[in-house]
Amino acid sequence: TRLKYYDVEAKLGLPYPVDDTGEIFLNRDLLEILKAARARAPEALIDDLTTHGNFLDADMVSRLAELKPIFVVISLNSADLQWRTRVMRGGQDAVGIRACTLLREKGIPFIGSIVPWPSLPLSDVENSIRYLDREQAYLIRICLPSFTRFSHPTPPFDSRQLWERVAELVERIRPELSTPLLVQPSWYLRREIRSHIDGVIRN
């Protein structure tokens, strides 16, 4: 349906979906859909293919490489098989970890995403960040875990304490990385906030 209304020259198309599409590689027709998109727009970047990576074996990554330019987001969370299996429970977590290597080898840029759940030791979070850095991710994204009173009437963890610990980790290792390291929400790392009015700093 989106391809039906997509016209590059006329700059027409449907609004970008706001809902989470879930694991896109569960759609058995995904490659055919992507091929149709590439045929419609040969030079356009196919981006924001967000996945846990457990379907990205060597064959799948090779087929994706045929559709370049293409951009992938890997929800890695942990580069350690035991920790990732415990957190993700995807069944093919070794494939998801190796997907980063395969994407790099095929020249497909990717973002590596990590949610530092309270169940993960910070040492594992650091190891996963460094793994993504070695695999030359385009960007490493740390998504701070959270909850609301509607999802958890009783707080499952001390978010302030956890966020502070993750922030300290990020600030310590960021200078040692070659890959940009982003924390979301990014404003949390701003230690000092000063008002700017008409380009002048107001204390």
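Residues numbered from 1 in each chain as written. Predicted model: local features only at pLDDT ≥ 70, side-chain atom pairs only at ≥ 80, totals over all residues. Heavy atoms only, no water.

Participant: Looking at this structure, how should I read the pattern of salt bridges?
Facilitator: Side-chain pairs of opposite charge can arise whenever the charged atoms involved come near each other. By the definition in use, this model includes 7 salt bridges. Ionic pairing is found between Glu176 and Arg130, a salt bridge with its closest N-O pair at 2.6 Å. Of the two residues, Glu176 is situated in the loop between helix H6 (159-173) and strand E5 (181-184) and Arg130 in helix H5 (residues 122-134); the sequence distance between them amounts to 46 residues. Residue classification places Arg130 among the partly exposed positions, given a relative accessible area of 23%. Among the charged side chains, a network of salt bridges with common partners joins Glu126, Arg130, Arg172 and Glu176. (Salt bridge = Lys/Arg side-chain N within 4 Å of Asp/Glu carboxyl O. Helix = DSSP H or I, 4+ residues; strand = E, 2+ residues; numbered from the N terminus. Buried < 20%, exposed > 50% of the residue type's maximum accessible area, 1.4 Å probe, protein only.)

Participant: Just to check I follow, could you spell out the sheet that holds strand E1 (residues 46-51) for this structure?
Facilitator: Strand pairing in a sheet relies on backbone hydrogen bonds, with the paired strands running either antiparallel or parallel. The sheet built from 5 strands is open, its strands ordered E1-E2-E3-E4-E5 with parallel pairing. The open sheet is flanked by E1 and E5, the only strands paired with a single partner. Each neighbouring strand pair of the sheet contributes to a mean axis angle of 20°, computed without reference to strand direction. Pairing between strand E2 (residues 70-75) and strand E3 (residues 110-114): 4 bridges, direction parallel. Counterpart to Ile74 in the pairing with E3 is Gly112. Along the sheet, H5 contacts E3, strand E4 (139-143) and E5; its crossing angle with E3, the most-contacted strand, is approximately 180°. (Pairing = 2+ DSSP bridges. Axes fitted to C-alpha atoms, helices over the stretch in contact; angles between N-to-C directions. Contact = heavy atoms within 4.5 Å.)

Participant: Even after reading the chapter, I still don't get the environment of Ser119, so can you show me in this structure?
Facilitator: Relative to the assigned elements, Ser119 resides in the loop between E3 and H5. The exposure class assigned to Ser119 is partly exposed, which follows from its relative accessible area of 47%. Linking Ser119 and Val87, residues 32 residues apart in sequence, is a C-alpha distance of 7.9 Å.

Participant: Whenever I open this one, H5 confuses me. Can you help?
Facilitator: Side chains three or four residues apart in an α-helix point the same way, a direct result of the helix having 3.6 residues per turn. Along its 13 residues, H5 runs 18 Å from first to last C-alpha, staying within 8% of the 18 Å computed at 1.5 Å per residue. Within H5 the residues assigned to the buried category are Leu122, Asp124, Val125, Glu126, Ser128, Ile129, Tyr131, Leu132 and Asp133. In this structure, the buried side of H5 is in contact with helix H3 (81-88), helix H4 (93-105), E3, E4, H6 and E5. Directly beyond the C-terminal end of H5, a positive phi value near 60° is found at Gln136. (Expected span 1.5 Å × (residues − 1).)

Participant: Would you take a moment to explain the packing of H4 against H5 for this structure?
Facilitator: Two quantities define a packed helix pair, namely the angle between the helix axes and the distance between the axes. One can describe the packing of H4 onto H5 by two numbers: an axis separation of 10 Å at closest approach and a directional angle of 20°. Taken together, the axes of H4 and H5 are roughly parallel relative to one another. Crossing angle aside, the handedness with which H4 passes H5 is right-handed. Within the contact between the two elements, H4 uses Ile97, Arg98, Cys100, Thr101 and Arg104 and H5 uses Tyr131, Leu132 and Arg134. (Parallel < 35°, antiparallel > 145°, perpendicular 65-115°, else oblique. Left-handed = near helix turned anticlockwise from the far one by under 90°.)

Participant: I'm lost on the side chain of Arg84 in this one. Help?
Facilitator: Tracing the backbone shows Arg84 in helix H3. Assessed through its relative accessible area of 0%, Arg84 is described here as buried. Within polar-contact distance, the side chain of Arg84 engages the backbone oxygen of His52 at 2.6 Å. Beyond its immediate stretch of four places on either side in the chain, Arg84 contacts His52, Asn54, Ser75, Leu76, Ser78, Arg89, Asp93, Gly96 and Ile97. (Polar contact = N/O pair within 3.5 Å; in protein donor to acceptor, adjacent residues only side chain to side chain.)

Participant: Explanation requested: H6 in the structure shown.
Facilitator: For H6, built from 15 residues, the straight-helix expectation of 21 Å at 1.5 Å per residue is met to within 8% by its first-to-last C-alpha distance of 21 Å. Listing the buried residues of H6 in full gives Leu162, Trp163, Val166, Ala167, Leu169, Val170 and Ile173. Seen along its axis, H6 keeps its buried residues to an arc of 160°; they face one direction. For H6, the elements touching its buried residues are H5, E4 and E5. Structurally, the start of H6 carries an N-cap: the backbone nitrogen of Arg160 is 3.2 Å from a side-chain oxygen of Asp158. (Arc of directions from axis to C-beta.)

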